[in-house]
Amino acid sequence: MASNYTTVEAVKNTVPDTFEDVADATIQQYISDSHLKVTHDGFATSDPDILEQAERYLTIHRYIIGTSSTLVSTEKVGPIQVSYFKAGSQDWLKWLQLTTWGADYYRLWSTYGDNGMPRISLAVLPQ
């Protein structure tokens, strides 16, 4: 297994109030899940600081989204209860815009990621 770019301590230090009572193992799982996404999002940089920041921001975003009661709506009629995610979770950009951390991850990906477009190099050749 590849090592992660960020650490539990870095995540906790970024937003201490959010992770005050969260077990290290829980944070580590969110980091591992975020590591897969960052690794596969086509970041065109090997700068460890950029990759660490992206992974940390995505970890925080995923945790906040995963534990937020304001983003989940529940309706109950008699014994039947339905819960659903309020925001359009099918739209990756909208999902990232739900938190400042997700928006910051998207900003990094927009700058250093593949943006869904292949990177090409142009060269001027003498005739």
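All of these numbers come straight from a predicted model, not from anything done at the bench.

Draft legend 1. Focus on helix H5 (residues 100-112). Under the 1.5 Å per step criterion, the end-to-end length of H5 is 18 Å for 13 residues, consistent within 8% with the ideal 18 Å. Looking only at H5, the buried set comprises Trp101, Gly102, Tyr105, Leu108 and Trp109. The buried residues of H5 occupy an angular sector of 120° when projected down its axis, which confines them to one face. In this structure, the buried residues of H5 make contact with helix H1 (8-14), helix H2 (24-40), helix H3 (48-67) and helix H4 (92-96).

Draft legend 2. Representation of the packing of aromatic side chains in the model. With the rule as written, the count across this model stands at 5 aromatic pairs. Arranged with centres 4.7 Å apart and planes meeting at 40°, the rings of Phe19 and Tyr63 form a pair that is tilted. In this pair, Phe19 is assigned in the loop between H1 and H2 and Tyr63 in helix H3, connecting sequence segments 44 residues apart. You can call Phe19 buried: its relative accessible area is 2%. According to the relative accessible area criterion, Tyr63 is buried, its value standing at 13%. Consider the rings of Tyr57 and Trp101, whose centres lie 5.4 Å apart with planes at 55°: the pair is tilted. Of this pair, Tyr57 sits in helix H3 while Trp101 sits in helix H5, placing them 44 residues apart in sequence. This pair shows no difference in class: Tyr57 is buried, exactly as Trp101 is. Connected via pairs of aromatic rings, a cluster forms that spans Phe19, Tyr30 and Tyr63.

Draft legend 3. Representation of the pattern of salt bridges in the model. By the definition in use, this model includes 3 salt bridges. The closest approach of N and O atoms between Asp24 and Lys12, which form a salt bridge, is 2.5 Å. Here Asp24 is found in helix H2, whereas its partner Lys12 is found in helix H1, with 12 residues between them in sequence. Among the residues examined, Asp24 registers a relative accessible area of 39% and is labelled partly exposed. A salt bridge links Arg56 to Glu52; the shortest N-O distance between them is 2.8 Å. Placement of both Arg56 and Glu52 in helix H3 is noted, with a separation of 4 residues, approximately one turn of the helix. Arg56 sits in the buried class, given a relative accessible area of 14%.

The rules behind these values
- Residues numbered from 1 in each chain as written.
- Predicted model: local features only at pLDDT ≥ 70, side-chain atom pairs only at ≥ 80, totals over all residues.
- Heavy atoms only, no water.
- Helix = DSSP H or I, 4+ residues; strand = E, 2+ residues; numbered from the N terminus.
- Expected span 1.5 Å × (residues − 1).
- Buried < 20%, exposed > 50% of the residue type's maximum accessible area, 1.4 Å probe, protein only.
- Arc of directions from axis to C-beta.
- Contact = heavy atoms within 4.5 Å.
- Phe/Tyr/Trp six-rings, centres within 6.5 Å; stacked < 30°, edge-to-face > 60°.
- Salt bridge = Lys/Arg side-chain N within 4 Å of Asp/Glu carboxyl O.

So far we have only geometry, and geometry alone does not tell us how the molecule works.
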